[in-house]
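# Inside the fold
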Amino acid sequence: MTEKLALLGGSPVRSKAKAFPKWPFASPLDASRLQTVLESGNWGGYPFPNRFATEFQNAFAAYHGAKYACCVTNGTAAITIALKAAGIVAGDEVIVPAYTWDGTATAVLDAGAIPVFVDVDPDTYCLDVSKITVTPRTRAIVPVHLAMRFTDMTALRALARRHNLAIVEDCAHVHGGEYLGEGAGSMGDLGTFSFQSSKLMTAGEGGIILTSREDCYELVQTLVNCGRAGSTGYVPARRPTGGNYRMTEFQTAILLGQLEMLPDLARQRAAQAARLDEALAAIPGISPLPPQRAITRLPVYNYVFRLHESGISRDLFCAAVEAEGVPCDGRFYEPVYRSDLFGPSAEEFPQIAGIDYRRNFDCPIAVRAAYHESVWLPQFVLLDPADAGDVVDAIAKVACNLDGLRTADPTLAGVKAMSRAERPRVERKNY
Ligand SMILES: Cc1ncc(COP(=O)(O)O)c(C=O)c1O
């Protein structure tokens with residue numbers, strides 16, 4: 001297939017007029033639920049949990065196989081609160097994957113702990129359990145189930161048991177996902193989710209914490225609801241100081257509809273992801289991520305595939321796919337320790353005195369994924385079979401015309417692969 005690429009002046013596979021579905025989707029019941037909240041005059045999260053919050057928490061916990069759930073303001077706060085509820089205190093070390101959204105690590109800092117970055121598995125881009133080094137100060141691990149894959153929870157739980165470490169699963173990408181029959185967020189001591197605008201379920205902002213441990217649930221409630229005792233009757237040795245991290249009733253009203261729509265949307269995404277897996281495996285120069293057999297219900301927050309080493313920068317490849325009319329991102333995440341958004345100082349966070357994140361960490365698989373290899377497609381391009389067909393055609397067209405790109409002006413579309421020092425500040429699109 002030799003066709004002139006749209007980036008080089010050819011016609012795009014998909015015209016601008018053919019829009020992909022506009023995310024997020026509203027549910028038909030949203031308006032009446034919101035009206036109910038509006039008319040109730042009781043808009044906040046108090047009494048705690050409020051009416052729709054109670055209904056939503058119960059339904060979300062049941063869907064993921066956890067005993068308890070607690071709504072919170074957002075996914076970052078959810079991680080901080082979950083870590084505190086798991087007993088993390090100032091100066092503890094917490095393992096986090098190097099390739100994730102910066103918030104996974106800043107949440108650890110906010111809990112008073114020290115994020116320790118560990119490289120990711122080349123097949124899943126999730127935490128590589130075999131690379132974890134446990135020190136006398138390690139207390140917890142925050143695995144991130146990334147994009148459309150899970151951390152190897154079998155190996156991680158075995159390691160955590162051996163060393164008596166807490167697990168807080170960061171499930172910001174995997175609403176409704178299941179691993180070996182267990183729901184996302186129900187495999188660790190606690191699990192956290194985000195409902196930020198781009199996520200598989202959203203209320204614009206928001207988050208939730210899952211746990212099946214009564215002691216942790218009691219502490220979560222205290223931390224979220226201004227220090228008050230929770231509902232379990234469990235009496236902690238020391239009740240922590242809480243803040244106000246409650247969610248509003250407007251958000252929980254919306255989230256009920258989001259949860260109702262999730263199973264159908266997840267099935268549609270999974271069907272088109274399977275189609276992409278097959279189609280992309282047959283296209284030279286790229287490959288889908290290897291299948292992960294342990295996933296028993298696939299969540300697809302982004303469909304991620306790999307560009308092979310070919311002399312074409314990954315960012316130029318993505319720009320060429322975008323020019324064909326398919327939204328596509330390369331630099332979705334950076335290794336957090338190198339990210340423009342992550343530069344904590346000991347003045348802000350005394351626990352990291354003596355640590356120079358840029359110098360002290362080197363995670364080559366995360367670097368390769370972030371700057372050279374991974375290509376991310378947003379989930380809403382996978383909801384409709386005809387849309388997914390265009391996605392495959394656009395990727396195939398670019399992959400089969402790499403020679404055209406090779407001879408093109410390398411500054412084309414401003415996407416020449418640049419070192420961190422020469423690169424202008426890149427605004428990432430997921431936020
Ligand atoms: C992997 C991951 N962790 C944590 C978060 C933080 O969630 P929030 O934006 O709701 O604070 C996000 C969301 O962007 C995320 O993608």
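Residues numbered from 1 in each chain as written. Predicted model: local features only at pLDDT ≥ 70, side-chain atom pairs only at ≥ 80, totals over all residues.

## Things to note about the pairing of strand S3 (residues 114-118)
Most of S3 is tucked away: 5 of the 5 residues are buried. Residues Ile114, Val116 and Val118 line one face of S3 and the alternating positions Pro115 and Phe117 line the opposite face, and both faces are buried. With 5 bridges joining them, strand S2 (residues 93-97) and S3 adopt parallel strand pairing. Residue pairing across strands places Glu93 opposite Ile114, the latter belonging to S3. Crossover connection from S2 via helix H4 (residues 102-110) to parallel S3: handedness right-handed. (Buried ≥ 20, exposed ≤ 12 C-beta atoms within 10 Å, placed from the backbone. Helix = DSSP H or I, 4+ residues; strand = E, 2+ residues; numbered from the N terminus. Pairing = 2+ DSSP bridges. Right-handed = clockwise from strand over helix to strand, strands pointing away.)

## A few points about the confidence of the model for the protein chain
Counting all residues, the mean pLDDT for the protein chain is 94, and 94% of those residues have values of 70 or more. Under a pLDDT of 50 for its full length, residues 413-427 has, in the predicted model, 15 contacts with residues more than four places off or in other chains. (pLDDT = per-residue confidence, 0-100. Contact = placed C-beta atoms within 7 Å.)

## Quick notes on the site of the ligand
Neighbouring residues of the ligand: 14 residues in total, closest Asn74, Gly75, Thr76, Ala172 and Ser194. Of all the secondary structure elements, the ones that give two or more residues to the shell around the ligand are helix H3 (75-85) and H4. Partitioning the shell around the ligand into residue classes produces 3 nonpolar, 10 polar and 1 charged. (Near = placed C-beta within 6 Å. Nonpolar A, V, L, I, M, F, W, Y, C, P; charged D, E, K, R; others polar.)

## Brief notes about the nonpolar core
The biggest cluster of nonpolar side chains holds 130 residues, and the ones touching the most others in it are Val72, Ile81, Leu83, Val94 and Ile209. Val72 has contacts with Ala77, Ala78, Ile81, Gly207, Ile208, Ile209, Val224, Tyr245 and Met247, leaving out every residue within four places of it along the chain. (Core = buried A, V, L, I, M, F, W, Y, C linked by C-beta atoms within 7 Å.)

## Overview of the domain arrangement of the protein chain
Domains assigned within the protein chain are domain 1 (6-24 + 262-414) and domain 2 (30-257). One C-alpha centre belongs to domain 1, the other to domain 2; they are set 26 Å apart. Residue-level contacts link 41 residues of domain 1 with 36 residues of domain 2. Where the side of domain 1 that touches domain 2 is concerned, the elements lending two or more residues are helix H7 (249-281), strand S11 (295-297), strand S12 (302-307), helix H10 (364-373) and strand S13 (374-378). If you tally residues by element for the side of domain 1 that touches domain 2, the top one is H10, at 5 residues. Residue classes in the side of domain 1 that touches domain 2 are distributed as 33 nonpolar, 7 polar and 1 charged. (Domains from an automatic or database assignment.)

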